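Report on the structure
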Amino acid sequence: MNIINKQIQLPDGRTIEIETGKLAKQAAGSAVVKMGGTMLLATITAATEVKEGTDFMPLTVDYKEKYYSAGRFPGGFMKREGKSSDYEILISRLIDRPIRPLWPDDFHLEVFVNVNLISAEKDIQPDALAGLAASCALATSDLPFGGPISEVRVARIGGEFKINPNFSEMADCDLDLMVAATEENIMMVEGEMNEVSEHDMLEAIKFAHEEIKKHCRVQKELMAELGTDVNKRDYPHDVEDEELKKAVHEFCYDKCYAHAKSFSPKHEREAGFVAIKEAFLATVPEEELEEKAPLVERYYHAVEKEAMRNMILDEGVRLDGRVCNQVRPIWCEVGYLPCAHGSAIFTRGETQSLATVTLGTKLDMKETDEVLIQDDQQFVLHYNFPPFATGEAKSQRGVGRREIGHGNLAMRALKPVIPMMPENPYAVRVVSDILESNGSSSMASVCGGCLALMDAGVQIKKPVAGVAMGLITDEIHPNDRYAILTDILGDEDHLGDMDFKVTGTADGITATQMDIKVDGLSYDVLEKALEQARQGRIHIMGEMMKTIDKPREDYKPFVPRIKSFEIPKDFIGAVIGKGGETIQKIQAQTGAVVNIDEVDGKGIVDIATNDAEAMQKAYDWIMGICAVPEVGEVYHGKVTSVLEFGAFVEILPGKEGLLHISELDWAKTEKVEDIVNVGDEVDVKLLEVDAKTGKLRLSRRALIEKPEGYVEPVRKPRPAGDRNDRRQNDHRGGDRNDRGERRGNFHKDNRGENHGENRNRGPRNDAAKEE
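The text that follows walks through the structure, step by step, so that each part is easy to find. Remember, it's a predicted structure, so these values are computed and weren't measured experimentally. (Residues numbered from 1 in each chain as written. Predicted model: local features only at pLDDT ≥ 70, side-chain atom pairs only at ≥ 80, totals over all residues. Heavy atoms only, no water.)

1. A look at the pattern of salt bridges
Heads up, the rule is: Salt bridges are counted wherever a side-chain nitrogen of Lys or Arg sits within 4 Å of a carboxyl oxygen of Asp or Glu. Helical segments are the DSSP runs of H or I of at least four residues, strand segments are the runs of E of at least two, and each set is numbered from the N terminus.
A full pass over the atoms with the stated rule returns 60 salt bridges. Residue R534 pairs with E531 through a salt bridge whose shortest N-O separation is 2.9 Å. In this pair, R534 and E531 are both assigned in helix 10 (residues 523-545), three residues apart and thus about one turn of the helix distant. Salt bridges here are not isolated pairs; linked through shared partners, they connect R97, E190, E192, R412, K415 and D515.

2. Brief notes about helix 3 (residues 198-226)
The line we're drawing: Given the number of residues in a helix, its expected span is that number minus one, multiplied by 1.5 Å.
End to end, helix 3 covers 42 Å across 29 residues, agreeing with the expected 42 Å (1.5 Å per residue, within 8%). Just past helix 3, the residue G227 takes up positive phi, approximately 80 degrees.

3. Looking at helix 6 (residues 286-315)
Rules: Throughout, bend refers to the angle between the axes fitted to the seven residues that end at a position and the seven residues that start at it.
Largest kink in helix 6: about 60 degrees, centred on K292, with the proline P294 one to four residues after it. Of the residues flanking the end of helix 6, it is G316, one or two places downstream, whose phi is positive at about 65 degrees.

4. Here we look at the packing of helix 8 (residues 441-456) against helix 10
The line we're drawing: Only the contacting stretch of a helix is used when fitting its axis, a line to C-alpha atoms as for every element, and angles between N-to-C directions run 0 to 180 degrees. Left-handed describes a crossing whose near helix is turned anticlockwise from the far helix by less than a right angle; the clockwise case is right-handed. We call two residues in contact when some of their heavy atoms are within 4.5 Å. Residues were grouped as follows: Ala, Val, Leu, Ile, Met, Phe, Trp, Tyr, Cys and Pro as nonpolar; Asp, Glu, Lys and Arg as charged; and all remaining residues, including Gly, as polar.
Across the interface, helix 8 lies against helix 10 with an axial gap of 11 Å and an inter-helix angle of 35 degrees. Relative to helix 10, helix 8 is oriented so that their crossing is right-handed. On helix 10, the residues that touch C447, C450, L451 and M454 of helix 8 are I540, M544 and M545. In the contact of helix 8 with helix 10, the residues fall into seven nonpolar, no polar and no charged.

5. Topic: the side chain of E656
Filter applied, for reference: When accessible area is computed with a 1.4 Å probe and restricted to protein chains, residues below 20% of their type maximum are described as buried, those above 50% as exposed, and intermediate ones as partly exposed. Between N or O atoms, a polar contact is any pair within 3.5 Å; within protein, one atom must be a potential hydrogen donor and the other a potential acceptor, and residues adjacent in sequence are included only when both atoms are from side chains.
By the element assignment, E656 lies in strand 27 (residues 655-660). Among the residues examined, E656 registers a relative accessible area of 1% and is labelled buried. Side-chain polar atoms of E656 contact the side chain of T640, separated by 3.0 Å.

6. Focus on the sheet that holds strand 1 (residues 4-9)
Consider a sheet: its strands pair through backbone hydrogen bonds, and that pairing is either parallel or antiparallel. Worth spelling out the cut-off: Strand pairing is assigned whenever DSSP detects at least two bridges linking the two strands.
Taken in spatial order, the six strands make up an open sheet running 1-2-3-4-6-5, and their pairing is mixed. At either margin of the open sheet sits one strand with a lone partner, and together these are strand 1 and strand 5 (59-65). Within this sheet the neighbouring strands show an average axis-to-axis angle of 15 degrees, counted without direction. Pairing geometry for strand 5 and strand 6 (residues 111-119), over seven bridges, is parallel.

By themselves, these figures tell us nothing about what the structure is for.
Structure representation (structure tokens):
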């Protein structure tokens, strides 16, 4: 084995180790990246032949976390890893996006990048190492990859930037960015912030890039040792026909330029461009058409892109007639869906989102069970992009990676302004259904989601808006001749050199996503683009505020109300009951949803229901369970059982006391059933709580006026060991959970050792009669 090891020193002294030549040697490239106890294995494989009809870069990236890496079993019935989770898909996208643009234009072989977490130290965040691991594996291969790259997390903690902080350090973070770059250029930025300025975000990107440069230099050393810096494999190149390429340009360029400048709506513009291509194909001899049609397709696409880019750069006018910093017309509506907890329509040009809000209880929170992250998400946002949104005629399948990524960006944009527990007891779900799309549906989701939250009465801290930006640069002088585009169209997204999305309040950025496809872009251009994005965001927010400018003061009538309160920790078990019996009974008899958690040594109870009476009933029930009976207090109880010497009365949920036959009435009572029966409700006074056993002694007669001339009967002393003494000493005061054992002992005595005494009653019987 030719094992090679490299090390990268982080600014705080921690070390990242790179190893190749030991694992997965039959792959085209492989590497293990290690930091502390965390290890990621990255492998690269590539096809040897191009699939017919492939004219793009078929790259597939999969990030997987193995549960054994942290000594855990996977959940579910099968107890093995299954399909990728949303979390794994999001990390796969973080690897994919900076790698995809760095391949030759004519490289069309299928490439598979697999990154597996094989060892996981609990406090180390593995996603910050995944991009580096993938690039190291590519560096060990002979594929014509234009890297290397690296990817780091930069966080601002206590006012200071830090590279790849641990999980435990993120609680006080107000900026969390993932930055990917080559040694020369920023490739990708994504993250969330707590109303951070554009200047601070740019400084964080610069800080991250300085660290990434070190990583790239180490990888270049690795490539030099392996010889992969010069020894690249040959691959099937595109067939070229320079004469045909020239003919396509001469025939189509002016027509494409003129059509681009016609400012047609989306579908008319698309149809017009197709018509230009078809007109050229009509000039190709029929016997050559089959051979040349794929080449015409490729050459025409390049001409169309060139014409549109030049029109924007030369004339400062865009495909729909706007100037570069102009936002499309916006209209909004809230409360569109009468039965949803909150709803809004946000329409910007030809992009439309129907956003809804649903409020639920803690039981509705999304449970996260990743290898290193186990948590309940109080706020989620789901993004759906059906084919009809672009007029496409095809069936709708499951949720794709793009939808997961767009939903995550919108969620991160809104999360900083949504109140969390204990201020907000609700689980919050926002859904954005894209009904029309022509550019930046993710930002429409942010704007629509914000409006829907305010319509639902969620007391967000500040409104949030988002805008998608584009950049078109001159191929030779990108920093001298460029156009920054606000609120880009779908076509402008495809033909541009950078697209980035920025969301935030009026006071700062809450989330961003940036992909840069051009070399040598300066930070000055990036700074100007961020400032133009801020102005666009403020304009969009102003349009939104014309519809609703603050959250409604109350929730909709059909939203379940939640009452939250604390109970002593010692009563949590009593409220839940054996096997959940008590809490299930409360829910079944009241119709309310009850949830209880232990937080900071206290029980936090949430009762959720639309019915005020049910809410009060459940609350009283729980408070009754937690109440401590007080001597001298009067209670309204229910008779649960009757014996010859008295009755047991439940005065509070789960708490019973003995109402002795002598305490039923001032007059002599022959039979308990003459006064009370099982199921009767009766007012009683608590006379005594036994200091040792906690048993309760109750009285009914204490609440009845003593008859005039009443004389307390003289009681004869009972001999030691009297049967009635044993019965009273065995009475069921206190917690009902003890009843089964006590009742069992009592009956055992009657059936067992006391049988002989029952046959020879003697003076005990007389004493009982006298009493």
